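Now for the letters of each chain:
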Amino acid sequence: MDDVKFRRRRRAAVGVSLAAVLALTATACGDDGTTAAGEEGSGKGTIVFWDNNGGVRTAVWQEIIKDFEARNPGIKVTYVPIPSEDVQSKYDTAIAGGGLPDVGGVGAAYLANIVAQDALEPVGGRIEDSSLKGKLVPSMVASVKSAGGRGDEMYSVPTSASNGTLYYRTDLFRAAGLEAPTTWAKFYEAAAKLTEVEKNRFGYTIRGGAGSIAQALDAMYGQSGITSFWDGDKTTVNDPKNVAALEKYVKLYKTTTPEADVNNDFKKMVAQFDTGTIGMLSHNLGSYTDHVKALGKDKFAGIPNPVGDGGTRVQVSNPVDGLGLFKSSKNKAAAWKFIEFAVSHESNSKWNESAGAIPANTEAAADPWMNEAEATRLGAKALTDGSTKIVELPYYLPDWNKISKADNEPNFQKVLLGSMTAKEFADTLAEQLNAAQAEWNERNQS
């Protein structure tokens, strides 16, 4: 592959731009008892579905499954909820030892790893021959193609996208006389002013546990203003501006955040914010409906990440979620019927409205609730008014999720606890990413 083509592929949109969505408004394997693993099957029988955000999205999936079974009486779906923090290890274990599902939720962050193990069925041809043809948001299609790392082939059907969101307690801000945290300066001011340690009130909750790296990167690039993850074939993650941004960000820990935040995953963060003791929370659109249920719409707001000193908002890409069809399935025909149904207008709209995320189905993306969900509406506006630059994370690297989670989440905790410097953390992360990129280059240019 020549260098120009390679760079074009690498720069392909891995995180989805919601601008494309708005534009659309204008224009473990089951079987039927008769087939071997890897066969199409009869299109009837039992299939197994792994939900990659089990618990959080169980209720809406159960509704969709009930609807599907009612319309397809010859198919039964066995639902298996897998917590999001465990899903890649579950897939890796099942690939090595057997027991993969027929269908599974597959996020772009670990898609390349599963593709590299030859566990997923290509779905591009099936889409072309189905009711989904021409009904998927083009930018999300581009995302999953790029994340799969194998050219134009698709190894998952996109279902949804999200973006980084700063949630804040509007009631607490009003009481303190604070403006909305629309800039990083206002964010840090609010974090300090809303903290009353003796009353167990804190201005912010920082993510120190599972999922911490993406949030840290968002804070780094958001403050530094750097708009590309790569400078040539070297990552910018340890650029001095990013290191300085990380140093400032981690100083919030135990100063304007609870000490227990060192072990925070998103569930703990959301729970803390919704109990009323936290002023601000960085997450994504996925928790919007949880905050509405806990607080109502009058006590909080969700806005895009703060604007930097240069007047531009910079955010890192969020991985597109999707559904994968596993090669080992004994009943691919029935499994595909389920995927097609789940990404249809009605089901995809139902799922994304429940999650507060952006639908992959073009008809669902045009449904009225999209504009009624404030965080979704503001996030979409930010990505269409020219103020936001997206730093595309390299989901196409098979080792991306391993590097960003298993290898460096413990290191980020060390930074919070003071046993590793921000520079040491960034340099370690950069070294691993540069090595993974070099390996990817060699494999794809040979």
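Our subject is the structure listed above.
Before going further, it helps to spend a moment on the overall build of the chain. Helix and strand counts for the chain stand at 21 helices and 13 strands. For the chain, with 446 residues in total, the buried portion stands at 56%. Surface summary for the chain: the accessible area is close to 17,500 Å², and the carbon and sulfur share equals 50%.

This next bit is on helix H14 (residues 332-342). Among the eleven residues of H14, nine are classified as buried, and the element is accordingly described as predominantly covered. Inspection of H14 places Lys332, Ala334, Ala335, Trp336, Phe338, Ile339, Glu340, Phe341 and Ala342 among the buried residues, and these make up the whole buried set.

Let's shift gears to the pattern of salt bridges. Between side chains of opposite charge, pairing is possible as soon as their charged atoms come close. For the structure on display, the rule yields 17 salt bridges. A salt bridge links Glu63 to Lys350, with the shortest nitrogen-to-oxygen separation between them at 3.7 Å. Separated by 287 residues along the polypeptide, Glu63 in helix H3 (residues 58-71) and Lys350 in helix H15 (residues 345-355) bring together distant segments of the chain. Judged by relative accessible area, Lys350 falls into the partly exposed class, the value being 25%.

Counting through the fold element by element, Thr388 comes out in strand E13 (residues 388-391). On the accessibility criterion, Thr388 (12% relative accessible area) is buried. Within polar-contact distance, the side chain of Thr388 engages the side chain of Arg313 at 3.4 Å.

Strand pairing within a sheet occurs via backbone hydrogen bonds; the two strands may be parallel or antiparallel. Strand order in this open sheet of six strands is E2-E1-E3-E11-E4-E12, and the pairing throughout is mixed. Two strands in the sheet have a free side with no partner beyond their single neighbour: strand E2 (75-81) and strand E12 (358-359). Two strands pair when backbone bridges link them, and strand E4 (residues 157-161) and strand E11 (residues 321-325) are joined in this way by three bridges, in the antiparallel orientation. When the sheet's bridge partners are listed, Pro158 is paired in E11 with Gly322. Sheet contacts for H3: strand E1 (45-51), E2 and E11; angle to E2, the most-contacted strand, approximately 170°.

The next point concerns empty space enclosed by the protein. Taken as a whole, the second largest cavity encloses approximately 50 Å³ of empty space. What lines the second largest cavity is Phe49, Asp51, Asn52, Trp61, Gly105, Thr159, Asp321, Gly322, Leu323 and Trp351. Elements represented by at least two residues in the lining of the second largest cavity include exactly E1 and E11. Considering every element that reaches the lining of the second largest cavity, the biggest residue donor is E11, with three residues.

Ranked by internal contacts, the top residues of the largest apolar core, which has 72 residues, are Tyr91, Tyr204, Leu217, Tyr221, Met280 and Trp400. Of the residues forming this core, the biggest block, eight residues, is contributed by helix H21 (residues 422-445). Core analysis: the next-biggest nonpolar cluster, separate from the first, contains 54 residues, Tyr79, Phe273, Phe341 and Trp369 among them.

Rules used throughout
Residues numbered from 1 in each chain as written. Predicted model: local features only at pLDDT ≥ 70, side-chain atom pairs only at ≥ 80, totals over all residues. Heavy atoms only, no water. Helix = DSSP H or I, 4+ residues; strand = E, 2+ residues; numbered from the N terminus. Buried < 20%, exposed > 50% of the residue type's maximum accessible area, 1.4 Å probe, protein only. Areas by Shrake-Rupley, 256 points an atom, 1.4 Å probe, with all protein chains shown as cover. Salt bridge = Lys/Arg side-chain N within 4 Å of Asp/Glu carboxyl O. Polar contact = N/O pair within 3.5 Å; in protein donor to acceptor, adjacent residues only side chain to side chain. Pairing = 2+ DSSP bridges. Contact = heavy atoms within 4.5 Å. Axes fitted to C-alpha atoms, helices over the stretch in contact; angles between N-to-C directions. 1 Å grid on protein atoms, 1.4 Å probe; cavity = no way out; pocket = protein on both sides within 12 Å on 5 of 7 lines; lining within 4 Å. Points joined across faces, edges and corners; volume = space filled by probe spheres on them. Core = buried A, V, L, I, M, F, W, Y, C linked by side-chain atoms within 4.5 Å.

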